[in-house]
Amino acid sequence: MTLRSLIKTLWLTCVCLFCSVSFAQENVSENESETTSKSSFFNSEGRQRFFAITVGGHKPFTSGDNFMGEGLEGKSGIDFKMQVYIYKHFFIGLATGASYFDVKNQELIGSYRKSRIAENYIYLGYEFLPTEKLRLGLNISIDSDLDYKNTGFNTSDIAEQHDSAKLNRYGVYLHYELAKHFMIYLDYSYNVSRTDIEVPSNLESFFRKGTYSTVGLGIVFTIGSRDLVSRFIN
């Protein structure tokens, strides 16, 4: 099973979990979520959550002396994420999305006009609580599967071309709480794509790695008021 199919399966499982827990939480939230315990930058029982769904868009920015930095220009992107809080504000998440690019230099990277990266990855992270309404999160990818689809070739013989890659992603975000279980977010990520594009040996260093950053904006829905560990030990 590939990571992409695994993430699709886990997404379906998470959606079912979200639906079932969201119904159940209505019956228990009155008792468990109005906690008046101490709150700090690192932890707050009163602001603890169990599950979060994130939906948004982003703008990619290519950089570096590589095929992405020299040959592509970022246009737009979409993001979907689900994360479970394992212990306190430490979480694991699944992400899927896409980034879209225009080709700015065909002489360097090939005779196509557009490129899309389908992004699937698993990530770990932690949230900090700097103020009453803000959440500051840091995350890093731990496994990934990228698919480049290049289209708009100058010849009619080729409709599209695919290349695969692995992603190292380092992200930071801010959530602003509009309501108990509804937030907006602003995020930034630095992405290193490590490809297996087949090119002559003298071009390997140029095509083996692509770097791009993203700035995103979107909404977050959460459920539950206890982390996963607490649900098993209490």
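The text that follows walks through the structure, step by step, so that each part is easy to find. (Residues numbered from 1 in each chain as written. Predicted model: local features only at pLDDT ≥ 70, side-chain atom pairs only at ≥ 80, totals over all residues. Heavy atoms only, no water.)

### Quick word on the pattern of salt bridges
Oppositely charged side chains are able to pair whenever their charged atoms sit close together. Filter applied, for reference: Every case where a carboxyl oxygen of Asp or Glu lies within 4 Å of a side-chain nitrogen of Lys or Arg is listed as a salt bridge. Secondary structure counts use DSSP, requiring at least four H or I residues in a row for a helix and at least two E residues in a row for a strand, with both numbered from the N terminus. Whether a residue is buried, partly exposed or exposed follows from its accessible area with a 1.4 Å probe, protein chains only, as a fraction of its type maximum: under 20%, in between, or over 50%, in that order.
All chains considered together, the criterion is met by eight salt bridges. When the shortest N-O distance is used, the salt bridge between Asp147 and Arg116 registers 2.6 Å. Taken together, the positions of Asp147 in strand 5 (residues 134-151) and Arg116 in strand 4 (residues 114-128) put the pair 31 residues apart, joining distant regions of the chain. Assigned by exposure class, Asp147 and Arg116 land together as buried.

### As for the nonpolar core
Rules: Definition used in this section: a nonpolar core is a set of buried Ala, Val, Leu, Ile, Met, Phe, Trp, Tyr and Cys residues joined via side-chain atoms within 4.5 Å. Two residues form a contact once any of their heavy atoms are found within 4.5 Å.
Grouped together as the largest cluster of nonpolar side chains are 28 residues, with contacts concentrated most on Phe67, Met68, Ile109, Ile117 and Phe207. Per-element tally for this core: the top contributor is strand 3 (residues 90-103), with four residues. Among all residues touching Phe67, those that are not within four sequence positions of it are Leu72, Ile109, Tyr148, Thr195, Ile197, Phe206, Phe207, Lys209 and Gly210. By size, the runner-up hydrophobic cluster in this structure holds six residues, among which are Phe50, Phe51, Met82 and Val84.

### Observations regarding the pairing of strand 1 (residues 51-63)
Looking down a regular strand, the side chains alternate between one sheet face and the other. Note the following rule: Any two strands with at least two DSSP-identified bridges between them are counted as paired.
Examined bridge by bridge, strand 1 and strand 2 (residues 72-87) share eight bridges and lie antiparallel to one another. Paired with Gly57 across the bridge in strand 2 is Ile78. As paired strands, strand 1 and strand 8 (residues 209-223) are joined by 13 bridges and run antiparallel to one another. Considered in strand 8, the bridge of Ala52 is made with Thr222.

### So, the packing of aromatic side chains
What counts here: Pairing of aromatic rings covers Phe, Tyr and Trp, the last counted by its six-membered ring, and requires centre-to-centre distances within 6.5 Å; plane angles under 30 degrees mean stacked, over 60 mean edge-to-face, and any other angle means tilted.
Enumeration according to the criterion identifies twelve aromatic pairs in this entry. Measuring from centroid to centroid gives 6.3 Å for Phe50 and Phe51, while their planes differ by 40°, and the two rings are tilted. An identical accessibility class is assigned to Phe50 and Phe51; each is buried. Between the aromatic rings of Tyr112 and Phe153, the centroid separation amounts to 5.5 Å while the plane-to-plane angle is 50°, which identifies the pairing as tilted.

### Details of the sheet that holds strand 4
Using the following cut-off: Comment: axis = line fitted to C-alpha atoms, over the contacting stretch for helices; angle = value between 0 and 180 degrees taken between N-to-C directions.
On the basis of which strands lie adjacent, the closed barrel formed by eight strands has the order 1-2-3-4-5-6-7-8 and antiparallel pairing. Shown here is a sheet whose adjacent strand axes are inclined to one another by a mean of 25°, direction ignored. Bridge count between strand 4 and strand 5: 15 bridges; the pairing is antiparallel. Note on strand 5: the bridge partner recorded for Phe128 is Leu136.

### Points about empty space enclosed by the protein
Basically, it comes down to this: The pocket and cavity definitions rest on a 1 Å grid over protein atoms only: a 1.4 Å probe that fits but cannot leave marks a cavity, an open set with protein on both sides within 12 Å along at least five of seven lines marks a pocket, and residues lining either have an atom within 4 Å of a point. Grid points are joined across faces, edges and corners, and a volume is the space filled by probe spheres set on the points.
Inspection of the entire model under this criterion finds two cavities of 30 Å³ or more. As a volume, the largest cavity reaches approximately 100 Å³. Every residue lining the largest cavity is counted, 13 residues in all, and those nearest its centre are Lys81, Asn139, Tyr173, His175 and Asp187. At the level of elements, strand 2, strand 6 (160-179) and strand 7 (182-195) are the ones that each hand at least two residues to the lining of the largest cavity. No other element matches the five residues that strand 6 contributes to the lining of the largest cavity. Looking at the second largest cavity, its volume works out to about 80 Å³. If you go around the second largest cavity, the residues you meet are His58, Asp79, Lys81, Glu119, Tyr121, Leu167, Arg169, Asp187, Ser189, Asn191 and Thr214.

### Quick word on a nonpolar patch on the surface
The test is simple: A patch consists of residues whose relative accessible area exceeds 30% and which take part in no salt bridge; residues with like charges are grouped when within 9 Å of each other, and nonpolar side chains (Val, Leu, Ile, Met, Phe, Trp, Tyr) when within 5 Å. Here the open area of atoms and residues is found with the Shrake-Rupley method and a 1.4 Å probe, where only the protein chains shown may cover a residue.
A cluster of nonpolar side chains, Phe61, Ile92, Ile140, Ile142, Tyr170, Leu186, Tyr188, Tyr190, Val215 and Leu217, forms an exposed patch at the surface whose accessible area comes to about 900 Å². Listed by contribution, the elements that provide at least two residues to the nonpolar patch are strand 5, strand 7 and strand 8. For the nonpolar patch, the leading source of residues is strand 7, giving three residues. Note that Tyr190 resides in strand 7. Looking at Tyr190, the relative accessible area reads 33%, which means it is partly exposed.

Purely geometric numbers; function is a separate question.
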